[in-house]
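So you can see what is in the structure, the chains are spelled out below.
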Amino acid sequence: MNERNQTLKLPFAASKKIVATALEKYIQESLSEPAEVLKQKTPEAIAEALKVKAIFEKGFENTEQLQAFITTYLENTNHLKNPRYMGHQVAVPQDLSGIPDWIHGTINNPSSLYEMGPAGATLEGFMINWMLDQLGWFKGSDLSDFSRLSENGSGILTHGGSIANMTALSAARAAIAPEAWEEGSPKDLVVMGPSTSHYSIVRALSIMGMGKKSFIPVPVDENEVILTHALEEVYAQIKKEGKRVMAVVANACATSTGLFDPLDEMASFCKKHQLWYHVDGAHGAVALLSKRHKNLVQGIEQADSVIWDAHKMLRVPALCTAVLFKNQKHMWNSFHQKGSYVFHENEVVGMDSMPFTVECTKSALGTKLFWSFALEGEEAMVKFIENSFQQARDLYEFLNTHQDFHCPYPPQSNILCFQYKPEELDDQQQLALRYELINSGEFYITSCVVQGKRYLRTVLMNPLSTLEDYRELSKAIEKHAEKYVTL
Ligand SMILES: Cc1ncc(COP(=O)(O)O)c(C=O)c1O
């Protein structure tokens, strides 16, 4: 390091070694038994252990302090790398997935303006072309062709599915009511979708000034899959009330159950009535990559817009989501706004994604997504997806051999809901079981309500979870439930 860096108390080479060693130890410990997935302490205790105040005021004094801080920090984390992590739809990254975040943190090249981060913007362009190709919306012959053929779809990466949903809905509104950008939302616009649509849909509509009530829920079945036969009825009622449908939303898959709406039937409905079709594929769009599971998303290619979270099933550390449009013109129109300092009229080298995102500055998201593939290749990614779907199937089959466990449906993805002794344990007790389990550090699972009933919920994100872990999970649940079960 040259003289300019001499004021730093932490030398680069020694610090990087400390971080790498600590992370390596973290990975090894997460895999060795009996490792706790999560041991929650109070924020006060964590702040004290981290010596937050002193470090904040004076900065790290030396590398020993850095080492102590990192060790304590890692101790107080949720260990997603532990095979008994079966909780949220958050990727368990590959061991070297953090490298792009480190590079980005060092160079800070936001990729929304090409000239601010040409390499990152290029990788975003490449990955968008790849995703469009999966949908059949890329018509070129080379994914490195960034010329945007007019027959191609288009897309951008955003920080998360919630922003991506809002971006897609903004484009849908621009298509049906272009005047909305200047004059505000017309009052007669509504959006239809399964009553179990992710809350980010309603949230987006509220933020867009359309109000929560502009979401018209379509009934779902007992496992929260949309009842397609109800679409016509709901639509007729909307028309009767003199409203216009801005978009129809489908779940691929539903957040709670991991089950897919019948996308092709919904596509036919949208085609018949010429309605904007938006597929929320935050979790399940990855089924596109697997010959075995592609049928689950049949019809997705007929959508006008799709969102796809890479930080769920493509192993990318949070956050990274794609919002994709079949007709590229729809993306150009989503946000009619200009900032004179960024959106130049003249031709510039490369491509800027800034005009098409809610965000102004954004991280080098394309680099993170590209890296996920660069570490193991495309085939390994497909294997990972198929394995995780199989893991949920294995857990389902295992739990079905126990009469005390009730799984309401065979899983379609890697999400599985179940109850323990539903005739004896009420909703509160099912939930209490989840807290006992996570507080013990033995497992990390989640919980959700499906059609008014409380379930335990597992999302099999860790490729190392096996039958042995499912066996131990059932034993742990039985053990913690003992106090609730009447003899
Ligand atoms: C179906 C669906 N849509 C959207 C989202 C929101 O995505 P994000 O958490 O990336 O904002 C989620 C998150 O779980 C989801 O399951």
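Structure's up top.
What comes next concerns the included structure. The shown structure was predicted, so the numbers you read here are calculated from the model rather than taken from an experiment. (Residues numbered from 1 in each chain as written. Predicted model: local features only at pLDDT ≥ 70, side-chain atom pairs only at ≥ 80, totals over all residues.)

## Observations regarding the overall build of the protein
Here comes step 1: In terms of helices and strands, the protein carries 17 helices and eleven strands.
Here comes step 2: Relative to the compact-globule value of 23 Å for 487 residues, the protein shows a C-alpha radius of gyration of 24 Å, a close match.
Here comes step 3: In terms of its C-alpha atoms, the protein occupies a principal-axis envelope of roughly 75 × 60 × 40 Å.
Here comes step 4: Of all 487 residues assigned to the protein, the portion counted as buried reaches 42%.
Here comes step 5: Residue pairs at least 24 apart in sequence account for 71% of intrachain contacts in the protein once pairs closer than 6 positions are excluded. (Helix = DSSP H or I, 4+ residues; strand = E, 2+ residues; numbered from the N terminus. Rg over C-alpha atoms; globule rule 2.2 N^0.38 Å. Buried ≥ 20, exposed ≤ 12 C-beta atoms within 10 Å, placed from the backbone. Contact = placed C-beta atoms within 7 Å.)

## Re the site of the ligand
Here comes step 1: As a structural note, the neighbourhood of the ligand is formed by 14 residues, with Gly160, Gly161, Ser162, His198 and Ala282 the closest of them.
Here comes step 2: Considering each element in turn, the shell around the ligand owes the most residues, three residues, to helix α7 (residues 161-176).
Here comes step 3: Of the residues in the shell around the ligand, the class split is one nonpolar, eleven polar and two charged. (Near = placed C-beta within 6 Å. Nonpolar A, V, L, I, M, F, W, Y, C, P; charged D, E, K, R; others polar.)

## Overview of the nonpolar core
Here comes step 1: By size, the foremost hydrophobic cluster in this structure holds 117 residues, and its most contacted members are Ala247, Ile300 and Leu324.
Here comes step 2: Here this core gets eight residues from one element, more than from any other, and that element is α7.
Here comes step 3: If you count residues domain by domain, this core takes at least three from each of domain 2 (110-376) and domain 3 (378-481).
Here comes step 4: The contacts of Ile300, once residues within four sequence positions are left out, are Leu135, Ala252, Leu263, Val279, Gly281, Ala285, Leu288 and Val306. (Core = buried A, V, L, I, M, F, W, Y, C linked by C-beta atoms within 7 Å. Domains from an automatic or database assignment.)

## Considering the environment of Ser111
Here comes step 1: One can find Ser111 in the loop between α5 (99-107) and α6 (118-135).
Here comes step 2: Remark: the alpha-carbon pair of Ser111 and Gly366, spanning 255 residues in sequence, is separated by 8.1 Å.
Here comes step 3: When near neighbours in sequence (up to four residues on either side) are disregarded, Ser111 contacts Gly117, Gly120, Ala121, Glu124, Lys362, Ala364, Leu365 and Gly366.

## Some thoughts on the packing of α5 against helix α14 (residues 365-376)
Think of two packed helices as two axes; the pair is described by the angle between the axes and how far apart they sit.
Here comes step 1: As a packed pair, α5 and α14 sit with axes 9 Å apart at the nearest point and diverge in direction by 150°. Taken together, the axes of α5 and α14 are roughly antiparallel relative to one another. Seen from above, α5 lies across α14 with right-handed handedness. Where α5 abuts α14, its residues Ile99, Pro100, Asp101 and His104 lie against Thr367, Lys368 and Trp371.
Here comes step 2: Residue classes in the contact of α5 with α14 are distributed as three nonpolar, two polar and two charged. (Axes fitted to C-alpha atoms, helices over the stretch in contact; angles between N-to-C directions. Parallel < 35°, antiparallel > 145°, perpendicular 65-115°, else oblique. Left-handed = near helix turned anticlockwise from the far one by under 90°.)

## Observations concerning the sheet that holds strand β9 (residues 415-420)
Here comes step 1: Taken in spatial order, the four strands make up an open sheet running β8-β9-β11-β10, and their pairing is antiparallel. If you trace the sheet from one side to the other, it starts and ends with β8 (405-406) and β10 (446-450), each paired once.
Here comes step 2: Pairing between β9 and strand β11 (residues 453-459): four bridges, direction antiparallel. What sits directly across from Cys417, in β11, is Arg457. (Pairing = 2+ DSSP bridges.)

## Describing the sheet that holds strand β7 (residues 321-325)
Here comes step 1: The mixed open sheet is built from seven strands, whose spatial order is β1-β7-β6-β5-β4-β2-β3. Two strands close off the open sheet at either side, each with one partner strand: β1 (154-158) and β3 (215-218). Strand-to-strand twist across the sheet, computed as the mean angle between neighbouring axes with direction ignored, equals 20°.
Here comes step 2: As judged from the four bridges shared by strand β4 (residues 244-251) and strand β5 (residues 277-280), these two strands associate in the parallel manner. Note on β5: the bridge partner recorded for Asn251 is Asp280.
Here comes step 3: Relative to β3, helix α10 (residues 229-240) is tilted by about 150°, and along the sheet it contacts β2 (189-194), β3 and β4.

## Here we look at the pairing of strand β6 (residues 305-309)
Here comes step 1: For β6, a buried count of five out of five residues is recorded, marking the element as mostly surrounded by other parts of the structure.
Here comes step 2: Burial along β6 is two-sided: Ser305, Ile307 and Asp309 facing one way and Val306 and Trp308 facing the other are all buried.
Here comes step 3: Bridge count for β5 against β6 is three bridges, and the pairing is parallel. The residue bridging Val279 from the neighbouring strand is Val306, located in β6.
Here comes step 4: As paired elements, β6 and β7 share five bridges and run antiparallel to each other. Residue Trp308 lies in a different strand from β7, and its bridge partner there is Ala322.

## Description of unusual backbone geometry
Here comes step 1: A cis geometry characterises the amide bond from Ala252 onward to Cys253, with omega recorded as 5°.
Here comes step 2: Position of Cys253 relative to the elements: it lies in the loop between β4 and α11 (263-273).
Here comes step 3: With an omega dihedral of 0°, the bond running from Ala318 to Leu319 counts as a cis peptide bond.
Here comes step 4: Here Leu319 lies in the loop between α12 (310-313) and β7.
Here comes step 5: With a phi angle near 55°, Gln274 is a residue other than glycine that sits in the positive phi range.
Here comes step 6: Relative to the helices and strands, Gln274 resides in the loop between α11 and β5.
Here comes step 7: For Gln274, a count of 7 C-beta atoms within 10 Å gives the class exposed.
Here comes step 8: At Gln451, a residue that is not glycine, the phi angle is positive and equals roughly 45°.
Here comes step 9: As for its placement among the helices and strands, Gln451 is situated in the loop between β10 and β11.
Here comes step 10: Taking the C-beta count within 10 Å as the criterion, Gln451 has 15 such neighbours and is therefore assigned partly exposed.

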